[in-house]
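Observations on the model geometry
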Amino acid sequence: MLKVFQGWMHRYFSDEEAVVLAVVLALGFAIIISFGDKLAPLLTGLVLAYLLQGLVTLLRRWHVPHALSVWLVFLLFLGALSALLGVVVPLVWRQITNLFNELPRMLVQWQAQLEHLPEQYPALISQGQIERLIGSINGELGQFGQWVLSQSLASLPMLVTILVYLVLVPILVFFFLMDNQKISNWMVSQLPRERRLMNQVWTEMNQQIANYIRGKVIEILIVGAVSYICFAVLKVNYAALLAVVVGLSVLVPYIGATVATIPVALIGLFQWGLGNEFMVLMIVYAVIQALDGNVLVPILFSEAVNLHPVAIIAAILIFGGLWGFWGIFFAIPLATLFKAVLYAWPRGVEAAHDAAPVGHPGTAEQLD
């Protein structure tokens, strides 16, 4: 067993670059796991700057000076942020408030409908089962109400956190965009001169991560906007809130669409019952999901590395459990990084050994 372990260590860690790459990856994951909540503004600014860097690069190709390109993109970012805070957030907040005010009436209506089920289907369900179900749901709702109350009491620290984000994140985005080359050069200077394995992994990952992040943001915006337009045309209650839920659901492949169906169906059911309007709503929602999965996703992620659905779900569960929202957002890029390292590592180390001179006296001493 010891010989097997020594052979494995020699194969994968006998190359200096492989050891450095392993240390960099382990150190990066350890820092994010340990200090992720404290570094959240920095990571948020880095992600947003990464998204906006494509626009800066595009302006540079049009021979716009770097400083002017950064300022134009940064002003565009501030305009989009102002529109989000001034239009979308207040609209969604009003609809959340209205939904909480309507919950008691909706619960009474839902309870009345459940109590009629034993009369309609006496062979399938009994009055006792309905009473236990109602009691269980009322208990869960009570716990949810207590959680909402505790969150509202803790709203002051949350407001302070939001204010910190609103001040720090734009500043970080600006400096990441303006000094992108300086930061990159400094980071590269800290790495070994021989970086063939690192360059191989980075070359494979850089374009894919950029395409994934930008594509995912575009997908969220398109799905959310189309959902809001459709819900507003159908006059669905809480259209903006449901559109936000549907838009964010694309972050979690396979699972998100299924989970988002529940609030859409419940709102439609409470608003119209099992009528024609409800059926039209569910058909429209199914069409949106079908177009997203079969048309929009292939267009936006045509260059993404294919991952097995089980690997995607496992990555979402692992990284989402570690880092919450950002873990879910970066689950697929992180899984792709793991796959790239897994495939590049043996080839990189073995190529390094194959390139070394073999069979000449004094070779080992020279390498030492």
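Remember, predicted model here, so these are calculated numbers, not experimental data.

By the secondary structure assignment, aspartate 292 is in helix H12 (residues 276-300). The side chain of aspartate 292 sits in the buried core without any salt bridge; lysine 216 is the nearest counter-charge, 7.1 Å away. When residues no more than four places from it in sequence are discounted, the contact partners of aspartate 292 are Glu219, Val223, Val250, Val297 and Pro298.

UniProt's entry tags residues 18-36, 42-59, 71-93, 156-177, 217-234, 240-266, 278-301 and 307-332 with the feature "transmembrane region" (unreviewed entry), counted in the numbering of this structure. With 100% helix and 0% strand, the stretch residues 71-93 has end C-alpha atoms that lie 31 Å from each other.

Within the largest apolar cluster, 47 residues are counted, with the highest numbers of intra-cluster contacts made by Ile213, Phe231, Val264 and Ile267. Not counting residues within four places of it along the chain, the set of residues in contact with valine 264 comprises Phe231, Leu242, Val246, Leu281, Met282 and Tyr285. Judged by nonpolar contacts, the second largest core, of 14 residues, contains Val64, Val70, Phe74 and Leu177.

The next subject is the packing of helix H11 (residues 255-272) against H12. The N-to-C vectors of H11 and H12 enclose an angle of 160°; their axes lie 9 Å apart at closest approach. On the basis of the axis angle, H11 is roughly antiparallel to H12. For the crossing formed where H11 meets H12, the hand is right-handed. Judged by residue contacts, Ala257, Ala260, Thr261, Val264, Ala265, Gly268, Leu269 and Trp272 of H11 engage Glu277, Phe278, Leu281, Met282, Tyr285 and Gln289 from H12. Classifying every residue of the contact of H11 with H12 gives ten nonpolar, three polar and one charged.

Given two aromatic rings, one states the distance between the centres and the angle between the planes to describe the pair. Taken as a whole and judged by the stated rule, the model has five aromatic pairs. Each ring, one from tryptophan 71 and one from phenylalanine 174, has its centre 4.8 Å from the other, and the planes form 55°; the classification is tilted. Of this pair, tryptophan 71 sits in helix H4 (residues 66-115) while phenylalanine 174 sits in helix H7 (residues 155-178), and the two are 103 residues apart along the sequence. Centre to centre, the rings of phenylalanine 74 and phenylalanine 174 are 5.3 Å apart; their planes meet at 65°, and the pair counts as edge-to-face. Of this pair, phenylalanine 74 sits in helix H4 while phenylalanine 174 sits in helix H7, and the two are 100 residues apart along the sequence.

What follows deals with helix H13 (residues 309-329). An ideal rise of 1.5 Å per residue puts 30 Å on 21 residues; H13 reaches only 16 Å between its terminal C-alpha atoms. Most pronounced at tryptophan 323, the bend in H13 amounts to some 150°.

It is worth spelling out the environment of valine 280 at this point. Among the structural elements, valine 280 can be located in helix H12. We classify valine 280 as partly exposed; its relative accessible area is 38%. For valine 280 and glycine 268, which are twelve residues apart along the polypeptide, the C-alpha to C-alpha distance reads 9.9 Å.

Let's shift gears to the environment of proline 263. Among the structural elements, proline 263 can be located in helix H11. Residue classification places proline 263 among the partly exposed positions, given a relative accessible area of 27%. Sequence spacing of proline 263 and leucine 242 is 21 residues, and the spatial spacing of their C-alpha atoms is 7.4 Å. In this view, proline 263 contacts Leu242 and Val245; residues no more than four positions away in its chain are not counted.

As a further point, take the side chain of glutamate 219. Within the fold, glutamate 219 resides in helix H9 (residues 196-233). There is a polar contact of 3.2 Å between the side chain of glutamate 219 and the side chain of lysine 216. Discounting residues that sit within four places of it in the chain, glutamate 219 has contacts with Val250, Asp292, Leu296, Val297, Leu300 and Phe301.

With that settled, consider the pattern of salt bridges. Considering all chains together, one arrives at one salt bridge under this definition. The partner of lysine 216 in a salt bridge is glutamate 219, with the nearest N and O atoms 3.2 Å apart. Here the residue lysine 216 and the residue glutamate 219 both occupy positions in helix H9, the gap between them amounting to three residues, near one helical turn.

What counts as what
Residues numbered from 1 in each chain as written. Predicted model: local features only at pLDDT ≥ 70, side-chain atom pairs only at ≥ 80, totals over all residues. Heavy atoms only, no water. Helix = DSSP H or I, 4+ residues; strand = E, 2+ residues; numbered from the N terminus. Buried < 20%, exposed > 50% of the residue type's maximum accessible area, 1.4 Å probe, protein only. Lys, Arg positive; Asp, Glu negative; His and termini not counted. Salt bridge = Lys/Arg side-chain N within 4 Å of Asp/Glu carboxyl O. Contact = heavy atoms within 4.5 Å. UniProt positions renumbered as here; feature names shortened; annotations may be inferred. Core = buried A, V, L, I, M, F, W, Y, C linked by side-chain atoms within 4.5 Å. Axes fitted to C-alpha atoms, helices over the stretch in contact; angles between N-to-C directions. Parallel < 35°, antiparallel > 145°, perpendicular 65-115°, else oblique. Left-handed = near helix turned anticlockwise from the far one by under 90°. Nonpolar A, V, L, I, M, F, W, Y, C, P; charged D, E, K, R; others polar. Phe/Tyr/Trp six-rings, centres within 6.5 Å; stacked < 30°, edge-to-face > 60°. Expected span 1.5 Å × (residues − 1). Bend = angle between axes of the 7 residues up to and from the residue. Polar contact = N/O pair within 3.5 Å; in protein donor to acceptor, adjacent residues only side chain to side chain.

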